[in-house]
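Overview (structure and organization)
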Amino acid sequence: MAAAAVQMNRGVSFLILVSVLTSCRSSFTRQLSIQLNPGSPLPPPDGDLLHVRAVGDNDTLHFLFCSQGAPALLLVHTNSSSSAVQVDWPLFLASNTSGGLHVEPESSVMSSAAVVFSRLLEYDDVNNTADPTSDLFPPYELRDVAWSRLNLSGLTAQLCGAVGGGLLCLQLSVFESEGRGQSWPRLTHTANSSQLGVWLDGVSPRAARSRFLLELQAVGGAYPLSRVEVRRSIDDEYMPSIFKVSQWVSSANGSSDVQSFVQWKPVAYRRADPALEDATPCRHSDPRPQSGEAVLAASALIRAFYSEPDTFGLNMSFGLAGESFYNSTGFLSWTLLVGVGSPPVDSFSPLVVAIMAVGLGTPMILLLLGGLWVCVRRREVDSTAAAYEPIN
């Protein structure tokens, strides 16, 4: 039995080693460079333009984050590792015609997509139904907010604006390689994606039972983000009790291949340093076609890059019937990813894989060893019985 225990330990160690080696595969990386207001000798009035250039082996991603008008994130994917962004600042600042920003060479552009945070909506949930179809207050038009200058720190940029006596803030993070966010909801990211954190802090509610919605506009070229898919998972290791992920995607001619995406977990938080009890569900409306002219007027970045964009919009609502209202904490945060290609997929961590390997492998090894022991003992009994001659 000692030998059997040794064999079992060796088998378990082998399974753990295999799981760890499998999880430690190399990931794709990009080289990042960051420019604030590229080509402008002075900080432009009314907001900043951030350009992040993410170079791969034979392609480039251009992330452009702008606070002139409604905050917007534009992502342009090119098939050249030498493509560059050119800004015509007089034309860009005019905000009344397209062509102020383009990517060269233009023939290298494979796809583009943008997300615009257009309005913050508030309603009085008198009956605690979390149904935002009535009792809406006049919206906060985010194009009219006085935004702060972008605050850069490493690979993150933070933007805040005064809304309703408090702050609406957005934080953009870009990544060189695959990883996972350090704070909840701990979204998985790749070098092909960026993360946007959005939060409300100290906004004065206009009712005793206020809830909020955030209006988003997705802008695209030939293939806009037109549908939302909901994926399910059996693993909630990183985000307890959340087994779904929502993906707002674009695809070419109805194919299953995704060109661009916005991804999020359907959860928000009521505190800046959340615990599990501070989580609150969020829901999205179905994407609907929107006026391209309206979004061009709302964002200088969209106006500068697109001429006649296809636009779809949806509302993200926070809280469900019976949940606490915004008034309870005066804080609300939500996180999303914006990227190209297939959205990231959660996988089991090395620790969980090792536990599963031990949990499933150990009983099988014991069964095999037990069966082998029974066979050996049976042969020993048969050979002993055959050694004696029968007595007549």
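Here's what I pulled together on the structure shown here. (Residues numbered from 1 in each chain as written. Predicted model: local features only at pLDDT ≥ 70, side-chain atom pairs only at ≥ 80, totals over all residues. Heavy atoms only, no water.)

**With respect to empty space enclosed by the protein**
Cut-off, in case you're wondering: Cavity: a set of points on a 1 Å grid over the protein atoms alone where a 1.4 Å probe fits but cannot get out. Pocket: an open set with protein on both sides within 12 Å along at least five of seven lines, its lining residues, like those of a cavity, having an atom within 4 Å of a point. Grid points are joined across faces, edges and corners, and a volume is the space filled by probe spheres set on the points. Secondary structure counts use DSSP, requiring at least four H or I residues in a row for a helix and at least two E residues in a row for a strand, with both numbered from the N terminus. Just so you know the grouping, Ala, Val, Leu, Ile, Met, Phe, Trp, Tyr, Cys and Pro go in nonpolar, Asp, Glu, Lys and Arg go in charged, and all remaining residues, Gly too, go in polar.
Using the criterion set out here, one finds four cavities of 30 Å³ or more in the structure. A volume near 90 Å³ is recorded for the largest cavity. Around the largest cavity sit Ser210, Arg211, Phe212, Arg270, Thr280, Phe318, Gly319, Ser324, Phe325, Tyr326, Phe331 and Leu332, which together line it. Elements with a minimum of two residues in the lining of the largest cavity: strand 15 (210–220) and strand 23 (331–340). Tallying contributions element by element places strand 15 first for the lining of the largest cavity, with three residues. Here the lining of the largest cavity is built from residues that sort into six nonpolar, four polar and two charged. Empty space within the second largest cavity amounts to approximately 70 Å³. Along its surface, the second largest cavity is lined by Leu120, Leu168, Val198, Trp199, Leu200, Leu214, Phe318, Leu332, Ser333 and Trp334. Elements supplying a minimum of two residues to the lining of the second largest cavity: strand 14 (193–201) and strand 23. Class assignment of the residues belonging to the lining of the second largest cavity gives a composition of nine nonpolar, one polar and no charged.

**Regarding the pattern of salt bridges**
Under the convention used in this document: Definition used for salt bridges: Asp or Glu carboxyl oxygen within 4 Å of a side-chain nitrogen of Lys or Arg. Buried residues are those whose accessible area, probed at 1.4 Å on protein chains only, stays under 20% of the maximum for their type, while exposed residues exceed 50% and partly exposed ones sit between those limits.
A full pass over the atoms with the stated rule returns ten salt bridges. Residues aspartate 125 and arginine 211 are paired through a salt bridge, measuring 2.7 Å at the closest nitrogen-oxygen approach. Taken together, the residues span a long stretch of sequence, with aspartate 125 in the loop between strand 7 (109–124) and strand 8 (140–141) and arginine 211 in strand 15 at a distance of 86 residues. A single burial state applies to aspartate 125 and to arginine 211, both of which are buried. Ionic contacts of the salt-bridge type, sharing partners, join the residues Arg119, Glu141 and Glu215 into one network.

**Observations concerning the state of the cysteines**
We apply this condition: To count as a disulfide, a pair of cysteine sulfur atoms needs to be within 2.5 Å.
Considering all chains together, one arrives at one disulfide under this definition. Between the sulfur of cysteine 160 and that of cysteine 169 lies a disulfide, 2.1 Å long from S to S. On the sign convention where negative is left-handed, the bridge of cysteine 160 and cysteine 169, at about 110° about the S-S bond, is right-handed. Each member of the pair, cysteine 160 as well as cysteine 169, is classed as buried.

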